[in-house]
Structure formats: C-alpha cells, structure tokens
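Take a look at the letters that make up each chain.
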Amino acid sequence: MTEARPRQNLRIPGPTPCPPEVLEVMSWQMINHRGKEFAELIRRITGRLKMVFQTKGDVFVLTCSGTGSVESAVVNTLSPGDRVLAISNGFFGDRFTEVAKAYGAEVVPLPFPWGKGVDPEAVRNALRRDPGIIAVTMVHNETSTGVTNNLAAVGRVVKEFDKLFLVDAISSLGCIDVRTDDWGCDVLVTGSQKGFMVPPGLAMVCVNPKAWQAHAKAKMPRYYFDYTRAKNFLEASQTPWTPSVSVFYALDRALALLEEEGLANVFARHVRVAELTRREIKALGLSLLADGKDASNTVTAVNVPPGVDGGKLLQILRDEYQIVLAGGQGIQTGKIFRIGHLGYVDEVEIREVISSLRVVLPRLGFPVPAR
Ligand SMILES: *Cc1c(COP(=O)(O)O)cnc(C)c1O
C-alpha cells in the first residue's frame, strides 16, 4: 500500500512519516525479549531517551499508544477521591481530564479557550483557592489547536505549591525543548508516532522522585501499566510484558538519528519549518487559530476561511495532490485544518503544501493574493 502511494505527503500531527532507515529495521527478524540482544537494545534506548527527556529520573518504554501513557501517569500516582487540577485548552487536555475522572479522581477543571495558551497566573489562583488539590495535569503541546503551553512557567507555579505535576508531552518531546527535571515535571509522557519519527506502538514515560513517593501511596487500580513492575523488569533489562519488538528496533534507530543531528539542531529545524509554515499560510491570506507566543512549532491550525468547505479542501489535496492534512477535533471540527510539521520533516514538504493550497483555494472560492 505504501508502494502504491510513494509520494504521499503525510502532514497530519501523527502518525508522521518515518525515515527509510527506521522503516528498514522494522522488517528485522524477532529476537528473544528475555535475551541478551534485547537487553542491549533496551539499555541503549533508555540511555538515549534520558538525554531527550533531559532527565536523571527513570524512563520506561511501554507498549501502547500515547493515551496508554497518560493513563499510566494517572493510575500510578493517584488514589480515587484525590483532588486534581485538570488544566485544559483543547481536545487532549480534555482527554487527560477524562482519564483522571474515569479512575475516580475528583477533578477540578481549569479550562482555557481553545487556541490560547494556559495562563500560569490562573493556575496559581486556582491552587491558592483550593489547598486540597494534590496534583495538576496539563498537555504541553495541544495538538488539537496548535498551541504550545508555557511548561516552564506552569511548572514553576506547581512547584511553588509543591503539587504533583503530570504532563502530556506527546506531540512536543523530541521536537521542542522539554526540560523534564528543570521544569518540575514529576511524570512526563510521550508517544512514538509523533516527533520521534517512529511508527505507532510505543509510549515513553519519565518518572521522577516526587512521582515515586506518590506511587508508593497511590491506590488506583492498575496492572499492565504498573511502574513498580516496569522498574523491576528494567533492572533486568526487560519489560514486564512482551514488548513491540519491531517498534523497539525503530525507536533505537530513530534515537541514533536524533543524536546524530543533535538535539539543538532538531529543535532549530522545527522552529525554522514552523516559522515558514506560519509565514506562508498568512501570505495566502489565511489566519491562524494560534499565533505569536502561543504558536506551536510542531503543528499549525489554520482557520477555514468563510465560504470555503474545509472537508472539500482536504479531499482535493488528498486526491489530486497526495497531500494529507488533518481536520479539526471536538468543537473545532469543520472550523480549522491542521498541518503537522514534526519529526521527519523539512521545508520542502511544507512548500509543497503551500503551493498546492495556492492552486486549490481559488477553486473553492477563496482568491489568494499574488506572490
Ligand atoms: C496524539 C496525542 C495523544 C494521543 O495519543 P494516541 O497515541 O492516539 O493514544 C495524546 N495527547 C496528545 C497531545 C497527542 O498529540
């Protein structure tokens, strides 16, 4: 199927395209996941992941999608009835909230408008108002709206009040600077298929000392995602359950590529490509859902202009130009389209999106300014 569509420009915010070197190792033969080769593999991966997480804490690789890692953060650190300040400014913030609720946390919602960044001062006020809160949840990069929240500032506030901070960095880690330890993140989670240039199937979590203390008392039901089991097995260079071995191969190769490029260069490339995206989208006469300091360097949300059928736009791009963009989610369905520019991406893929939009938008009744 991939061969039939060799030129597809997949510009959704995950799964993202993978480098050929990463795809190649996915076809390797299986190995014993309780054997010496896997032990070497998981040790190398864990070491390199600590560099990406910028942590001295524990890092585990779980076989599940990103949502599984969010669930792991909740069930490993909280007890039913715990008061949790659930920050949300989008679809994935809401999902974090729902997971906490599903396991019996007493959720105190702190919503912000979709398309705007989280205001650290409002977080401070909420924590001051309600001393019973024990944990705070937040999404670093809100994939549904193209907003990057100020994790450093919110982390500082959470630490001022000495609360537990659980963070979803699924669409930022590996692309945007995330300082897990320096920014006070007690559990920080991510997935393989967004910024890591790896197929879906793995999630990576960082667990810091304050989270371990919470874990010791946490009473939410858990089994598959139990961090104690993950830690005990990692000491023997294993995972508790059969890992997705092929995706481990892919992650190993992708981490080597990230290391080769250098994290600072990877971040700089994402800034460059994101700035190009925003500049060129605006030059088409379109507007952004999130702009300025809130704008994400991994995903850009564009307002569908009045009179244009957003669904039709994406369909033409897909069918005639082999460009796949994402629509809106939740309350933004039909109102925005999103361009993913994370992972294995450079200017060339974005220029292709822009030049196609330049042709397709006028066909749908939206004249674009001349270059
Ligand atoms: C993609 C994403 C998720 C969900 O990940 P799945 O792998 O689909 O379970 C959660 N949070 C954020 C911010 C995401 O971008």
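Below is a short write-up of the structure. (Residues numbered from 1 in each chain as written. Predicted model: local features only at pLDDT ≥ 70, side-chain atom pairs only at ≥ 80, totals over all residues. Heavy atoms only, no water.)

### Observations concerning the overall build of the protein
Secondary structure summary: the protein contains 12 helices and 13 strands in total. At 21 Å, the protein has a C-alpha radius of gyration in line with the 21 Å of a compact globule built from 371 residues. Taken over the C-alpha atoms alone, the protein extends approximately 60 × 55 × 35 Å along its principal axes. Relative to its 371 residues, the protein shows a buried fraction of 60%. Here the analysis covers contacts within the protein between residues at least 6 apart in sequence; of these, 74% occur between residues at least 24 apart. Total accessible area on the protein is roughly 15100 Å²; 54% of this is exposed by carbon and sulfur atoms. A distance of 2 Å separates the average location of the 43 positive side-chain charges in the protein from that of its 39 negative side-chain charges. (Helix = DSSP H or I, 4+ residues; strand = E, 2+ residues; numbered from the N terminus. Rg over C-alpha atoms; globule rule 2.2 N^0.38 Å. Buried < 20%, exposed > 50% of the residue type's maximum accessible area, 1.4 Å probe, protein only. Contact = heavy atoms within 4.5 Å. Areas by Shrake-Rupley, 256 points an atom, 1.4 Å probe, with all protein chains shown as cover. Lys, Arg positive; Asp, Glu negative; His and termini not counted. Charge placed at Lys NZ, Arg CZ, Asp CG, Glu CD.)

### Remarks on the pattern of salt bridges
Within this structure, the stated rule accounts for 21 salt bridges. The residue Lys210 makes a salt bridge to Asp162 at a minimum N-O spacing of 3.3 Å. With Lys210 in helix H7 (residues 209-217) and Asp162 in the loop between helix H6 (151-160) and strand E8 (164-168), the pair connects residues that are 48 residues apart, well separated along the chain. Asp226 is the partner of Arg222 in a salt bridge, and the nearest nitrogen-oxygen pair spans 3.7 Å. The exposure class of Arg222 is partly exposed, given its relative accessible area of 24%. Here Asp226 falls in the buried class, since its relative accessible area comes to 14%. If you follow the salt bridges from partner to partner, you end up with Arg44, Arg48, Asp252 and Glu259 in one network. (Salt bridge = Lys/Arg side-chain N within 4 Å of Asp/Glu carboxyl O.)

### Brief notes about empty space enclosed by the protein
Within this structure, the stated rule accounts for 2 cavities of 30 Å³ or more. If you add up the space inside the largest cavity, you get close to 170 Å³. Around the largest cavity, the lining comprises 18 residues; the ones closest to its centre are Val61, Leu62, Thr63, Thr239 and Pro240. Only helix H2 (36-53), strand E2 (58-63) and helix H8 (227-235) provide two or more residues apiece to the lining of the largest cavity. Of the residues assigned to the lining of the largest cavity, the class counts are 12 nonpolar, 5 polar and 1 charged. In terms of lining residues, the second largest cavity is bounded by Gly146, Arg278, Ala290, Ala295, Ser296, Val299, Thr300 and Ala301. Broken down by element, the residue count for the lining of the second largest cavity peaks at 3 residues, all from strand E11 (residues 299-303). Taken together, the residues of the lining of the second largest cavity break down into 4 nonpolar, 3 polar and 1 charged. (1 Å grid on protein atoms, 1.4 Å probe; cavity = no way out; pocket = protein on both sides within 12 Å on 5 of 7 lines; lining within 4 Å. Points joined across faces, edges and corners; volume = space filled by probe spheres on them. Nonpolar A, V, L, I, M, F, W, Y, C, P; charged D, E, K, R; others polar.)

### Points about the site of the ligand
Residues in contact with the ligand amount to 13 residues; listed here are only the nearest, Ser65, Thr67, Thr143, Asp168 and Lys194. One of the backbone N or O atoms of Gly66 is found 2.8 Å from an oxygen atom in the ligand. At 2.5 Å from an oxygen atom of the ligand is found a side-chain nitrogen or oxygen belonging to Thr67. Its free accessible area being 390 Å², the ligand has 89% of it covered by the protein chains. In a pocket analysis with a 2 Å cut-off to the grid points, the ligand is assigned to the second largest pocket. (Near = heavy atom within 4 Å. Polar contact = N/O pair within 3.5 Å; in protein donor to acceptor, adjacent residues only side chain to side chain. Sits in = over half its atoms within 2 Å of the grid points.)

### What about helix H11 (residues 310-321)?
End to end, H11 covers 16 Å across 12 residues, agreeing with the expected 16 Å (1.5 Å per residue, within 8%). Among the residues making up H11, those that are buried are Gly310, Leu313, Leu314, Ile316 and Leu317. Down the axis of H11, the smallest arc covering the buried residues is 160°, so these residues share one side. Structurally, H11 contributes buried residues whose contacts are with strand E12 (323-327), strand E13 (336-340) and helix H12 (347-363). For H11, the capping residue at the N-terminal end is Asp309, with a side-chain oxygen 2.9 Å from the backbone nitrogen of Gly311. Once H11 finishes, Gln322 follows within two positions and takes phi at roughly 55°, a positive value. (Expected span 1.5 Å × (residues − 1). Arc of directions from axis to C-beta.)

### A few points about unusual backbone geometry
With an omega of -5°, the peptide bond between Gly14 and Pro15 qualifies as cis. Along the polypeptide, Pro15 turns up in the loop between strand E1 (9-11) and helix H1 (20-25). A positive phi is found at Gln322, a non-glycine position, where the angle reads about 55°.

By themselves, these figures tell us nothing about what the structure is for.
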